[in-house]
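Topology and contacts: notes
One letter stands for each residue in the lines below.
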Amino acid sequence: NEDLVYDYLQEAMATVLLMHTALDNFANEQLPENLAVDDAVGIRVDRSQIESSWGLPKRLDVVLPQITGKASLQVTLPALWAVLMDLKDLRDSIGHIHREASFTRTGEDPRLSVFSRLLGQDFLALLSAVREAMEYYR
């Protein structure tokens, strides 16, 4: 039933976008108003610059550990980090869809398309990972 498949894909895309947005907003909410940190080349950046130009992985890996005093998730919980990066990659694939990500040619692995990934995605595991990351940095 194609209608059901399209309904599912629509809901799956919304789920990915909303989970990513929830984690992104959580990371931003943790930033103190007067936050200022040095970037990789020693330039001082403030909260608004971090929110607007530092991606979620950098905020989770660099900024939140500085604020909370906890080690980065990437180091402490690499399996969790991998799930979160899968969420980010899936969100990026949905938000910036290209033909290569949505269509597979003969000889290519169809499991790698964004639609196949959505069909095979364990959304409860993604939600669990988002919650665990939030709890870790809370």
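Look up: the structure comes first, before these words.
So, here is what we can say about the structure in this document. Predicted, not measured: the structure shown is a model, and the values here were computed from it.

**Section: the overall build of the protein**
Across its full length, the protein carries eight helices and two strands. Seen along its three principal axes, the alpha-carbon backbone of the protein occupies a region of about 55 × 30 × 25 Å. In the protein, which comprises 138 residues, the share counted as buried stands at 33%. A fraction of 64% describes how many contacts in the protein between residues 6 or more apart in sequence connect residues 24 or more apart. Accessible surface for the protein amounts to roughly 8400 Å². Of this, 54% is attributable to carbon and sulfur atoms. Mean positive and mean negative side-chain charge positions of the protein (13 and 21 charges, respectively) differ by 4 Å.

**Topic: the nonpolar core**
In this structure, Leu23, Leu60, Leu73, Leu84 and Leu118 are the most contacted members of the largest nonpolar core, which totals 27 residues. Not counting residues within four places of it along the chain, the set of residues in contact with Leu23 comprises Leu56, Leu60, Leu84, Val130, Ala133 and Met134. Grouped together as the second largest cluster of nonpolar side chains are seven residues, Leu31, Leu35, Trp54 and Val63 included.

**Points about the side chain of Arg59**
Inspection of the secondary structure puts Arg59 in helix 3 (residues 56–68). Accessibility expressed as a relative area gives 3% for Arg59, which makes it buried. One polar contact links the side chain of Arg59 to the main-chain carbonyl oxygen of Trp54, over a distance of 2.9 Å. If we ignore the near neighbours within four places in the chain, the residues touching Arg59 are Asp24, Ala27, Asn28, Ile50, Trp54, Leu64 and Pro65.

**Some words on the packing of helix 1 (residues 2–29) against helix 5 (residues 78–95)**
Contact pair helix 1 / helix 5: the axes reach a minimum separation of 9 Å and the direction vectors enclose 125°. As summarised for this structure, helix 1 and helix 5 are arranged oblique, according to the angle between their axes. The two elements helix 1 and helix 5 meet at a crossing, and its hand is left-handed. Here helix 1 contributes Met13, Val16, Leu17, Met19, His20 and Leu23 to the contact with helix 5, which in turn contributes Leu84, Leu87, Lys88, Leu90, Arg91 and Ile94. Here the contact of helix 1 with helix 5 is composed, by residue class, of nine nonpolar, one polar and two charged.

**Some words on the pattern of salt bridges**
Inspection of every chain in the model, using the stated rule, returns seven salt bridges. Residue Glu135 is joined to Arg138 by a salt bridge in which the shortest nitrogen-to-oxygen separation is 3.2 Å. Taken individually, Glu135 and Arg138 each receive the classification exposed, so the pair is uniform in this respect. Three or more residues are tied together by salt bridges with common partners; here these are Glu33, Arg47 and Glu51.

**Some details on the packing of aromatic side chains**
Applying the stated criterion to the full structure yields two aromatic pairs. Ring geometry for Tyr8 against Phe123: centres 6.5 Å apart, planes inclined by 65°, an arrangement best described as edge-to-face. Placement of the pair is Tyr8 in helix 1 and Phe123 in helix 8 (residues 123–137), with a sequence separation of 115 residues. Classification of Tyr8 as partly exposed rests on a relative accessible area of 32%. Between the aromatic rings of Tyr136 and Tyr137, the centroid separation amounts to 4.9 Å while the plane-to-plane angle is 80°, which identifies the pairing as edge-to-face. In this arrangement the basic side chain of Lys58 is found over the ring face of Trp54, its NZ or CZ atom lying 4.0 Å from the centre. The positively charged end of Lys70 is found above the aromatic ring belonging to Tyr136, 5.3 Å away from the centroid.

Calculation notes
- Residues numbered from 1 in each chain as written.
- Predicted model: local features only at pLDDT ≥ 70, side-chain atom pairs only at ≥ 80, totals over all residues.
- Heavy atoms only, no water.
- Helix = DSSP H or I, 4+ residues; strand = E, 2+ residues; numbered from the N terminus.
- Buried < 20%, exposed > 50% of the residue type's maximum accessible area, 1.4 Å probe, protein only.
- Contact = heavy atoms within 4.5 Å.
- Areas by Shrake-Rupley, 256 points an atom, 1.4 Å probe, with all protein chains shown as cover.
- Lys, Arg positive; Asp, Glu negative; His and termini not counted.
- Charge placed at Lys NZ, Arg CZ, Asp CG, Glu CD.
- Core = buried A, V, L, I, M, F, W, Y, C linked by side-chain atoms within 4.5 Å.
- Polar contact = N/O pair within 3.5 Å; in protein donor to acceptor, adjacent residues only side chain to side chain.
- Axes fitted to C-alpha atoms, helices over the stretch in contact; angles between N-to-C directions.
- Parallel < 35°, antiparallel > 145°, perpendicular 65-115°, else oblique.
- Left-handed = near helix turned anticlockwise from the far one by under 90°.
- Nonpolar A, V, L, I, M, F, W, Y, C, P; charged D, E, K, R; others polar.
- Salt bridge = Lys/Arg side-chain N within 4 Å of Asp/Glu carboxyl O.
- Phe/Tyr/Trp six-rings, centres within 6.5 Å; stacked < 30°, edge-to-face > 60°.
- Lys NZ or Arg CZ within 6 Å of the ring centre and 35° of its normal.

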